[in-house]
Amino acid sequence: MTSRKAGPLKGTASVPGDKSISHRSLIFGAMSIGTTKVTGLLEGQDVLDTAKAMRAFGATVTQHGPGDWSVEGVGVGNFVEPADVIDCGNSGTGVRLIMGTMATSPITATFTGDASLRKRPMGRVTEPLAEFGTMAYGRKGGRLPMTVVGASDAKGIRHTLKVASAQVKSAILLAGLNASGETVVIEKEPTRDHSERMLVGFGANLTVDKTKEGHVITLQGRPSLRAQTVAVPRDPSSAAFPVCAALIVEGSDIFVPGVSQNLTRNGLYITLVEMGAEIEFQNPREEGGEPVADLRVKFSGNMKGIEVPPERAPSMIDEYPILSVVASFATGKTVMRGVKELRVKESDRIDAMARGLEACGVTIEEDEDTLIVHGMGPGGMPGGATAKTHIDHRIAMSFLVAGMASQQPISVDDASPIATSFPIFESLMTGLGATLTQG
Ligand SMILES: O=C(O)C1=C[C@@H](OP(=O)(O)O)[C@@H](O)[C@H](O)C1
Ligand SMILES: C=C(OP(=O)(O)O)C(=O)O
């Protein structure tokens with residue numbers, strides 16, 4: 001797909017439902033008694049793969065209309081053994097949360113995924129799960145395909161996270177649901193808290209103590225989860241693409257309604273405002289248990305490079321690729337430290353962004369844990385390159401946004417991964433005035 005210089009972007013960008021909350025609504029629905037109703041579900045491939053997996057474990061998952069789904073759950077500890085391999089496609093969240101969910105049931109499941117997911121480390125989940133007695137047999141380096149043998153009569157564990165990861169935290173909490181007694185997870189750096197909020201909503205006894213050690217999350221095992229109605233808010237990680245496009249395309253003025261402003265997810269928006277972005281956060285309110293706001297975003301020709309505080313990384317972990325595009329159109333250097341987790345996402349995102357931006361004429365510095373972008377000012381990026389996306393939706397969307405403001409068009413070698421998280425990206429962006437063409 002090729003993106004070329006666009007006129008001003010104008011209009012309303014209604015982005016799809018939040019991916020993290022969509023996965024969780026299906027998984028928690030499957031572990032509850034009764035019928036969970038979900039509206040605004042993201043119908044991206046990652047979530048559709050989780051829906052299919054929940055059916056394989058015994059839940060009845062039904063689509064009633066666009067974004068309108070129901071899940072008839074089997075209850076905590078009642079998953080059936082799947083008859084076939086569970087293919088989680090491109091989704092780290094899907095596979096890691098589902099491994100946790102079945103880890104304390106006496107069943108065996110084999111997981112796989114696409115070429116990107118098969119490169120990603122699963123030991124970060126299977127090592128803590130082993131403390132429950134769960135066994136896992138994967139390829140070298142803890143890679144998929146992997147067979148997980150659930151533990152019988154597991155007892156709760158106490159675990160301090162070694163990486164700041166909501167996926168690992170959630171996998172342990174989900175496993176703790178079918179373990180006796182308490183499961184305690186300690187996270188030194190707070191990560192997205194959707195699992196904690198939603199588990200409480202589904203009736204679990206879960207508390208979070210904010211201590212000097214970090215967040216101490218305590219879950220009582222073997223609750224009876226009750227079906228809920230979940231209204232999924234719009235995804236701040238998807239909203240990032242039209243928002244950042246409007247900031248760099250001259251004359252733009254767009255409206256992005258109902259975007260989650262959960263404090264564990266809004267690091268990009270704080271950073272953009274610090275850089276000098278013109279974003280108004282209108283009508284802040286609560287929807288479906290999450291803080292949301294409507295965003296009005298205007299072209300911002302005076303953005304300055306900044307140092308992004310490393311402790312902000314968990315709250316904007318998926319947004320560094322698109323931030324590095326905005327940084328290219330700002331004046332001065334943007335320094336992103338403490339970002340080594342980006343190396344184990346759908347691709348090595350530091351490397352993918354560095355190589356692609358260099359090909360577009362941007363000066364980059366990087367080390368294992370750092371990405372530094374030397375901004376070229378508004379309209380300064382030459383472009384005229386094809387970026388390799390490495391089966392990574394966020395890399396693909398980031399370079400297509402860059403092409404909307406660069407001097408020459410920018411192509412991506414494969415736009416198909418965009419469907420994992422933002423299936424309407426092309427129509428939404430062209431609806432605002434972007435020029436995207438196949439080939
Ligand atoms: O829990 C979640 O829904 C997610 C957690 C993050 O991953 P990590 O937990 O690996 O940081 C994030 O990158 C991913 O897109 C979604
Ligand atoms: C990292 C991401 O997702 P996942 O880990 O679920 O594949 C993402 O969506 O940017």
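How each quantity is defined
- Residues numbered from 1 in each chain as written.
- Chains lettered and ligands numbered in written order.
- Predicted model: local features only at pLDDT ≥ 70, side-chain atom pairs only at ≥ 80, totals over all residues.
- Buried ≥ 20, exposed ≤ 12 C-beta atoms within 10 Å, placed from the backbone.
- Helix = DSSP H or I, 4+ residues; strand = E, 2+ residues; numbered from the N terminus.
- UniProt positions renumbered as here; feature names shortened; annotations may be inferred.
- Contact = placed C-beta atoms within 7 Å.
- Pairing = 2+ DSSP bridges.
- Axes fitted to C-alpha atoms, helices over the stretch in contact; angles between N-to-C directions.

(A) Just helix H6 (residues 194-201), in detail. Three or more residues of H6 are buried, namely His194, Ser195, Glu196, Met198 and Leu199. In the segment just after H6, glycine 203 is the residue with positive phi, at about 105 degrees.

(B) Highlighting the UniProt feature "active site" (unreviewed entry) in the protein. The UniProt record annotates "active site" (unreviewed entry) at Asp318. If you trace the backbone, aspartate 318 turns up in the loop between strand E18 (307-308) and helix H9 (320-328). Under the C-beta neighbour-count criterion, aspartate 318 is labelled buried, with 23 such atoms within 10 Å. If near-sequence neighbours (up to four positions away) are discounted, aspartate 318 is found in contact with Ser237 and Arg394.

(C) Examining the sheet that holds strand E23 (residues 408-412) more closely. Strand order in the open sheet formed by 4 strands is E22-E23-E1-E24, with mixed pairing between adjacent strands. The strands lining the two open edges of the sheet, one partner per strand, are strand E22 (383-387) and strand E24 (435-437). Looking at each pair of strands side by side, their axes are set apart by 15 degrees on average, direction ignored. Pairing analysis gives 3 bridges linking strand E1 (residues 2-4) to E24, with the strands arranged antiparallel. Bridging from a neighbouring strand, serine 3 pairs with leucine 436 of E24.

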